[in-house]
There are 2 protein chains.
Amino acid sequence: MNVSIETIDLLEGIATTRAIRRFTPEPVSDDHLARILFAASRAPSGSNRQPFRFVVLRDGPRAREAKAILGRAFRSAWAMKRASDGYESGSGAKTDSPKARMARTMQRFADEFESVPVVVIACHVRYDRPNTYEGASVYPACQNLLLAARAIGLGGVLSTWHLLVENELRAAVGIPDDVFVAATIALGHPEGRHGPVRRRPLGELVYEDGWGEPAPWAVDPPGTRHTRAGPPRAG
Amino acid sequence: MNVSIETIDLLEGIATTRAIRRFTPEPVSDDHLARILFAASRAPSGSNRQPFRFVVLRDGPRAREAKAILGRAFRSAWAMKRASDGYESGSGAKTDSPKARMARTMQRFADEFESVPVVVIACHVRYDRPNTYEGASVYPACQNLLLAARAIGLGGVLSTWHLLVENELRAAVGIPDDVFVAATIALGHPEGRHGPVRRRPLGELVYEDGWGEPAPWAVDPPGTRHTRAGPPRAG
């Protein structure tokens, strides 16, 4: 593989991998996909069973059909979320507020889902009954995938909105019944940029020696900017 | 934070983060924990709700009790696995085989679980009924945590064996009923080394345009060494 890439430090990469939902029309090359999927497959899984499978959708016939099915789901899910999470109210009414910008990005992402360069369906071949722990052997691979995309200048976002159309999606892509469809990941060349992500203050997320017990050392690096949890709702 | 660390490239780090189960007795410093947990908290989650919480167990009173409870679970789970997965048979009978070495590592890990320097309980505060997708908002954070440990010279391993003693663990640590206990992560300074991990050939894990359809570009980098899926069983 002869792609020259800038290197990025592991910790820096982790701290600056944003959810990317706006893509340029540039296709994602085979070589980029190979690097990203290789990274995904390095993830751990229970007993190293490697139950994860990745179906890559670009512009083949089944890809187009699957993207159209997913596009309907994303538009429907976003319409519900836009209303229920108050994206129109408060600061959402001001076109330059972060909330209004986020709403525009989400609207475009949903409206143009069919033109997302790559959609990866992250799956898990079940060897046990469905349970809340099975994600431990597929979502770490999804995170590796997103970090690797960031490392080579691409970006993406994970979603579980396929749930709204899961049966149609399974039929279109030929996914067997014993396979857990864990997520879809949209991928492409970012129109925007990666950069520091915002979270709640670390001390609110980390405890020591017991639930709810403060961990005095759990302090964000200087200059870290915070956000509240969840969708905007008010404000 | 004034720790000087070597930097490691993001893609290189992803490809060389091994499951570490043998630790030196060296404690894990507050500063190391802060870096590792900060990285964990950078992970994405649905609507950026950040439902993940991390309970760090070192040598406080509840930590000791929780580690003893988990130690019993790990010894019991490993004893079952050792028998059912054929660790004693075939090449497992030869003391220098990879299988026999793996069995020794697992035995020591279970036997000495109480002296693992740090155990992080990865949790998820539920805002919905339990489902197979909720891991999407906690296991990516666990993977960030393990990658960050590797970045600063530590290592660890994720397990769901706490399931065998979940109620006792909840009581000891004070974890509320509406919280999903997703995993425990053992952490410390590795006695061994990180290095390239082994997986199945990439082409067996990646499809394009349909389930089971080959992706010709899904080729491992030159020199990649493979392994079969899952526990050893035979051979």
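Residues numbered from 1 in each chain as written. Chains lettered and ligands numbered in written order. Predicted model: local features only at pLDDT ≥ 70, side-chain atom pairs only at ≥ 80, totals over all residues.

1. Here we look at the overall build of chain A
Now for step 1: When helices and strands are counted, chain A shows six helices and five strands.
Now for step 2: Taken from the N to the C terminus, the helices and strands of chain A come in the order α-α-β-α-α-β-α-β-α-β-β.
Now for step 3: Taken over the C-alpha trace, chain A has a radius of gyration of 19 Å; the compact-globule value for 235 residues is 18 Å, and the two agree within 12%.
Now for step 4: Along the three orthogonal principal directions, the C-alpha set of chain A runs to about 50 × 45 × 45 Å.
Now for step 5: Every one of the 235 residues in chain A was classed for burial, and the buried ones make up 46%.
Now for step 6: In chain A, 81% of the contacts between residues at least 6 apart in sequence involve partners at least 24 apart. (Helix = DSSP H or I, 4+ residues; strand = E, 2+ residues; numbered from the N terminus. Rg over C-alpha atoms; globule rule 2.2 N^0.38 Å. Buried ≥ 20, exposed ≤ 12 C-beta atoms within 10 Å, placed from the backbone. Contact = placed C-beta atoms within 7 Å.)

2. A short note on the domain arrangement of chain A
Now for step 1: Segmenting chain A into domains produces domain 1 (17-195) and domain 2 (198-227).
Now for step 2: One C-alpha centre belongs to domain 1 of chain A, the other to domain 2 of chain A; they are set 28 Å apart. (Domains from an automatic or database assignment.)

3. Quick notes on helix H4 (residues 98-111) of chain A
Residue and element names in this part refer to chain A.
Now for step 1: The end-to-end C-alpha separation of H4 is 20 Å, in line with the 20 Å expected for 14 residues at 1.5 Å each.
Now for step 2: Along H4, the residues that are buried comprise Lys99, Ala103, Phe109 and Ala110. The arc enclosing the buried residues of H4, seen along the axis, measures out at 130 degrees, which places them on a common side.
Now for step 3: Residues of H4 that are buried sit in contact with helix H3 (61-84). (Expected span 1.5 Å × (residues − 1). Arc of directions from axis to C-beta.)

4. Thoughts on the relation of the copies chain B and chain A
Now for step 1: Each copy of the sequence occupies a distinct position, and chain B is placed on chain A by a rotation of 180 degrees and an axial shift of 0.0 Å, giving an RMSD of 0.0 Å. Taken together, the rotation and translation relating the two chain copies correspond to the operation of a two-fold axis. (Least-squares fit on C-alpha atoms with pLDDT ≥ 70 in both.)

5. Observations concerning the interface of chain B and chain A
How big an interface is tends to be expressed through the accessible area that disappears when the partners come together.
Now for step 1: Across the boundary between the two partners, chain B contributes 78 residues, which contact 79 residues of chain A.
Now for step 2: At the level of secondary structure, the elements contributing two or more residues to the side of chain B that touches chain A comprise helix H1 (10-15), helix H2 (30-41), strand E1 (52-57), helix H3 (61-84), helix H5 (139-151), strand E4 (179-188) and strand E5 (206-208) of chain B.
Now for step 3: Its residues assigned to classes, the side of chain B that touches chain A comprises 48 nonpolar, 18 polar and 12 charged.
Now for step 4: Note that strand E1 (residues 52-57) of chain A and E5(B) share three bridges and pair parallel. Residue A:Val56 lies in a different strand from E5(B), and its bridge partner there is B:Glu208. (Nonpolar A, V, L, I, M, F, W, Y, C, P; charged D, E, K, R; others polar. Pairing = 2+ DSSP bridges.)

6. Details of the pairing of strand E2 (residues 118-125) of chain A
All names here are of chain A.
Now for step 1: The buried fraction of E2 is high, at seven of eight residues.
Now for step 2: One ladder, built from six bridges, connects E1 with E2; its direction is antiparallel. Paired with Phe52 across the bridge in E2 is His124.

7. As for the packing of H2(B) against H5(B)
All names here are of chain B.
Now for step 1: Two elements in contact, H2 and H5, have axes separated by 7 Å at closest approach and are oriented at 145 degrees. Seen from above, H2 lies across H5 with right-handed handedness. Of the residues in H5, those in contact with Arg35, Ile36, Ala39, Ala40 and Ser41 of H2 are Ala141, Asn144, Leu145, Ala148 and Ala149.
Now for step 2: Counted by class, the contact of H2 with H5 contains seven nonpolar, two polar and one charged residues. (Axes fitted to C-alpha atoms, helices over the stretch in contact; angles between N-to-C directions. Left-handed = near helix turned anticlockwise from the far one by under 90°.)

8. Observations concerning the sheet that holds E4(B)
Now for step 1: Taking strand neighbours across the sheet as the criterion, the five strands line up as E5(A)-E1(B)-E2(B)-E4(B)-E3(B) in an open arrangement whose pairing is mixed. Where the open sheet ends on each side, the last strands, each with one partner, are strand E5 (206-208) of chain A together with strand E3 (155-159) of chain B. Within the sheet, the average angular offset between the axes of one strand and its neighbour, ignoring direction, is 25 degrees.
Now for step 2: Relative to E4(B), E3(B) is paired through five bridges, and the arrangement is antiparallel. Counted as the bridge partner of B:Leu158 is B:Ile185 from E4(B).
Now for step 3: In the packing of H3(B) onto the sheet, contacts are made with E1, strand E2 (118-125) and E4 of chain B, and the angle to E1(B) comes to roughly 95 degrees.

9. Quick notes on the nonpolar core
Now for step 1: Formed by 136 residues in total, the largest nonpolar core has its most connected members in A:Ala122, A:Leu145, A:Ala148, B:Ala122, B:Leu145 and B:Ala148.
Now for step 2: When neighbours within four sequence positions are excluded, A:Leu145 is seen to be in contact with A:Ile36, A:Ala39, A:Ala40, A:Val120 and A:Ile185. (Core = buried A, V, L, I, M, F, W, Y, C linked by C-beta atoms within 7 Å.)

10. Quick notes on the sheet that holds E5(B)
Adjacent strands of a sheet pair through backbone hydrogen bonds, lying either parallel or antiparallel.
Now for step 1: Judged by pairing direction, the sheet is mixed, and its five strands sit side by side in the order E3(A)-E4(A)-E2(A)-E1(A)-E5(B) without closing on themselves. Taken across any chain shown, the strands that pair with only one partner, and hence form the sheet edges, are strand E3 (155-159) of chain A together with E5 of chain B. Averaged over all neighbouring strand pairs, the angle between strand axes comes to 25 degrees, with direction disregarded.
Now for step 2: Helix-sheet contacts for H3(A) involve E1, E2 and strand E4 (179-188) of chain A, and the interaxial angle to E1(A) is about 95 degrees.

11. With respect to unusual backbone geometry
Residues and elements named next belong to chain B.
Now for step 1: The phi angle at Ser47 is positive, at roughly 55 degrees, despite the residue not being glycine.
Now for step 2: Positionally, Ser47 belongs in the loop between H2 and E1.
Now for step 3: Taking the number of C-beta atoms within 10 Å as the measure of exposure, Ser47 has 15 and is therefore partly exposed.
Now for step 4: Positive phi values are uncommon outside glycine, yet Gln50 reaches one of about 55 degrees.
Now for step 5: Note that Gln50 resides in the loop between H2 and E1.

12. What about the environment of B:Ile8?
Now for step 1: Along the chain, B:Ile8 turns up in the segment before H1.
Now for step 2: Given 21 C-beta atoms within 10 Å, B:Ile8 falls into the buried group.
Now for step 3: Along the chain, B:Ile8 and B:Ala151 lie 143 residues apart, while their C-alpha atoms are 6.4 Å from each other.
Now for step 4: Excluding residues that lie within four positions of it along the chain, B:Ile8 makes contacts with A:Leu10, B:Gly13 and B:Ala151.

13. Considering the pairing of E1(B)
Now for step 1: With six of six residues buried, E1(B) lies mostly within the body of the structure.
Now for step 2: Here E1(B) shows a buried face lined by B:Phe52, B:Phe54 and B:Val56 and a second buried face lined by B:Arg53, B:Val55 and B:Leu57.

14. What to know about the environment of A:Cys142
Now for step 1: Considering the arrangement of structural elements, one finds A:Cys142 in helix H5 (residues 139-151).
Now for step 2: Ignoring sequence-local partners within four residues, the contact set of A:Cys142 consists of A:Ala122, A:Leu158, A:Ala183, A:Ile185 and B:Pro140.

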